[in-house]
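The residues making up each chain are set out below.
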Amino acid sequence: MSEVKFSKNHEWVQLKEDIAVVGITKHATEMLGDIVFVEVPEKRKIVEANDQTAVVESTKAASDVYSPISGEITEGNKIIVDDPSKVNTDPEGESWFFKIKLKDKSEFDSLMSKEDYEKFIKENKN
Amino acid sequence: MEVQKTALYNIHKNLGAKFVPFAGYEMPIQYREGIVKEHLYTREYAGFFDVSHMGQFLINGKDDLTEALEKIIPADLRELKINHSKYSFLLNDEGGIVDDLIITKRKKGFSIILNAACKENDVKQISKYLKSSFKFVLDNQNSLIALQGPNAAEILERYFPGVKNLKFMQGGDFIINNKQSYITRSGYTGEDGFEISILNDEVENLIKFFIENKVEPVGLGARDTLRLEAGLCLYGNDLNENINPIEANLKWAISKRRRLEGGFKGYDVIKKNIEEGTKKIRVGIKPEGKIIAREGVQIFSDEKEEIGFITSGTFGPSLKSPVSMGYINLNFSKEGTNIQIKVRNKFYSAKISKLPFYKKNYVK
């Protein structure tokens, strides 16, 4: 099982060799509510870490999805564009947002572990 | 100002409500099931809504009260029968909408349901026109509960026998255990339903009855998607002090006599708008595809000339498509007209749509 890391903007990143798969966390989907619209980046788009890269909208509001790492987009997940509700049902599995060819592995290493992310959520609850 | 809570706050909490601050109150935006399910359940069966944050304004008085209220509310109050309700507004001198409201003629005077965010200011505006002999109160003894959905009448009949005989926009007193509630057949979802003004210490029993009868709680989130599908305005979004009822496409809410005779605040502007037409008008807008155009989105013609703006937008769970309302230059307001909406700096096609997006028949 490859390593999964988490960002303060509630994205998860799974590294498979030099390709990072990025999605939003279950916690993020619970805060957003019913997801009704998703926009993912085009292939070959170059992004810097913390760039606004995708969009997710619930019935209530639109939110930006940031790329926690820099690199080149290799794929956007068309499945969730066609059926945005899939992000609610399987946010940390099938419903990834985009894949990115990693430029600098240290960016990945500096993200939070699962334990640290869970602690981060708890601390920010109040 | 301290955040206020309705009498049902703890019940909401137990039902898994997520709270948001709204007009000075902690109100449930949604419960465990979420906005889409709450919305669909209301359309398919029945949902209840705590709308106790709204103003319940009661005024006692006779014909001279009717006369005084007609100076600021453009409804035909003189012809309004006892226990009948009308949708209307408070207007400013320029004809702008200070608030939208439901006014009901009662045995001793009138009751007016006001928006939560506007109610304090409304009372100030109204009281300027009232003689000291008229007794008025912004009621805080009663909660206000909406029950909405196709099964609403059958369910409420078991708690308040006789409510099923009410017609749309009519009300009456209902007494259970010597406690009086005032119920109108009305609502703001596009469904059949009721609004129940019930004593704060009785409301819990009513909610328990609802839950036993599989009525689900519905938060402000689904209230917004329901009203938007039904083409109903949200004050602060679709209506404000700089928009008059003619621009808002709500001319129907001003009775014929009042349109001809005037005698209310802002009449000059409204008369001129009726006779000469308005520059802009409220319309329904259906974006193509899944893109959602929310409040603040600009509207352009195919030639990229700016022609309007969106005031409300969301995803309509019953329509399974995005829906918006907004104001547009009159020349582009015809149903079916192609327009462009600019979302996140990209243009998307949309069409002017008739309102409501979603229609069910009210009991007449």
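With respect to the overall build of chain B
Of the regular secondary structure elements, chain B holds nine helices and 19 strands. Against the compact-globule benchmark of 21 Å for 364 residues, chain B has a radius of gyration of 20 Å, which places it among compact chains. For chain B, the spread of C-alpha atoms along the principal axes amounts to about 65 × 50 × 45 Å. By the burial criterion, 46% of the 364 residues in chain B qualify as buried. A separation of at least 24 residues holds for 66% of the contacts in chain B among residues at least 6 apart in sequence.

Quick look at the domain arrangement of chain B
Residue and element names in this part refer to chain B. In terms of domains, chain B is made up of domain 1 (9–54 + 140–229) and domain 2 (279–353). Relative to domain 2, the C-alpha centre of domain 1 lies at a distance of 31 Å. Listed as interface residues are eight residues of domain 1 and, on the opposing side, eight residues of domain 2. Counting residues per element, the ones that place at least two in the side of domain 1 that touches domain 2 are α2 (35–44) and α7 (220–229). For the side of domain 1 that touches domain 2, the residue count by class is three nonpolar, two polar and three charged.

Quick look at the pairing of strand β12 (residues 193–199) of chain B
All names here are of chain B. The buried fraction of β12 is high, at six of seven residues. Here seven bridges tie strand β9 (residues 142–148) to β12, and the two strands are oriented antiparallel to one another. Residue I145 lies in a different strand from β12, and its bridge partner there is I196. Where strand β11 (residues 179–184) meets β12, three bridges bridge the pair, whose relative direction is antiparallel. In the sheet register, Y182 faces β12, and the bridge partner there is S197.

Some thoughts on the interface of chain A and chain B
On the chain B side, the residues contacting the nine residues of chain A number twelve residues. At the level of secondary structure, the elements contributing two or more residues to the side of chain A that touches chain B comprise β4 (35–39) and β6 (52–58) of chain A. Residues that form the side of chain A that touches chain B fall into these classes: four nonpolar, two polar and three charged.

A closer look at the sheet that holds strand β6 (residues 97–105) of chain B
Residue and element names in this part refer to chain B. Spatial ordering of the open sheet is given by β5-β6-β7-β4-β8, a layout of five strands whose pairing is antiparallel. The open sheet has two edge strands with one neighbour each: β5 (85–91) and β8 (135–138). Neighbour-to-neighbour, the strand axes of the sheet open up by a mean angle of 25°, direction not taken into account. Here β5 pairs with β6 via seven bridges, running antiparallel. The partner of L91 across the bridge, within β6, is I97.

Things to note about the packing of α2 of chain B against α7 of chain B
All names here are of chain B. In the contact formed by α2 and α7, the axes pass within 8 Å of each other and the chain directions differ by 55°. With respect to α7, the element α2 is oriented oblique. When you trace α2 past α7, the crossing you get is right-handed. Taken together, the residues of α7 that come into contact with α2 (itself represented by I35, E38, H39 and T42) are G221, A222, T225 and L226. Residues of the contact of α2 with α7, tallied by class, amount to three nonpolar, four polar and one charged.

A word on the nonpolar core
With 60 residues, the main nonpolar core has F48, I73, L101, I145 and L147 of chain B as its most contacted residues. Of the residues forming this core, the biggest block, five residues, is contributed by β6 of chain B. If we ignore the near neighbours within four places in the chain, the residues touching L101 of chain B are S88, F89, L90, I112, I113 and L114 of chain B. Core analysis: the second largest hydrophobic core is formed by 51 residues, A28 and V40 of chain A together with I299 and L355 of chain B among them.

Quick word on helix α5 (residues 152–159) of chain B
Residue and element names in this part refer to chain B. Buried within α5 are the following residues: A152, I155 and L156. Each buried residue of α5 lies within a common arc of 90° when the element is viewed along its axis, so the set occupies one face. Projecting away from the buried face of α5 at angles above 90 degrees are the exposed residues E154 and R158. Where the residues of α5 are buried, they touch β9 and β12.

Let's talk about the environment of L234 of chain B
Residues and elements named next belong to chain B. Secondary-structure assignment places L234 in the loop between α7 and α8 (256–261). Between the C-alpha atom of L234 and that of S333, which follows or precedes it by 99 residues, the distance is 20 Å. Apart from the residues lying within four places of it in its own chain, the contact partners of L234 are D224, R227 and S312.

Describing the sheet that holds strand β15 (residues 298–300) of chain B
Residue and element names in this part refer to chain B. Read once around its circumference, the closed barrel built from six strands follows the order β14-β17-β16-β15-β18-β19, with strand pairing classed as antiparallel. Geometrically, the sheet is characterised by an average inter-axis angle of 45° between neighbouring strands, direction not taken into account. When strand β14 (residues 280–287) meets strand β19 (residues 346–353), the two strands line up antiparallel, connected through four bridges. Pairing of K286 across the sheet is with K351, part of β19.

About the cut-offs
- Residues numbered from 1 in each chain as written.
- Chains lettered and ligands numbered in written order.
- Predicted model: local features only at pLDDT ≥ 70, side-chain atom pairs only at ≥ 80, totals over all residues.
- Helix = DSSP H or I, 4+ residues; strand = E, 2+ residues; numbered from the N terminus.
- Rg over C-alpha atoms; globule rule 2.2 N^0.38 Å.
- Buried ≥ 20, exposed ≤ 12 C-beta atoms within 10 Å, placed from the backbone.
- Contact = placed C-beta atoms within 7 Å.
- Domains from an automatic or database assignment.
- Nonpolar A, V, L, I, M, F, W, Y, C, P; charged D, E, K, R; others polar.
- Pairing = 2+ DSSP bridges.
- Axes fitted to C-alpha atoms, helices over the stretch in contact; angles between N-to-C directions.
- Parallel < 35°, antiparallel > 145°, perpendicular 65-115°, else oblique.
- Left-handed = near helix turned anticlockwise from the far one by under 90°.
- Core = buried A, V, L, I, M, F, W, Y, C linked by C-beta atoms within 7 Å.
- Arc of directions from axis to C-beta.

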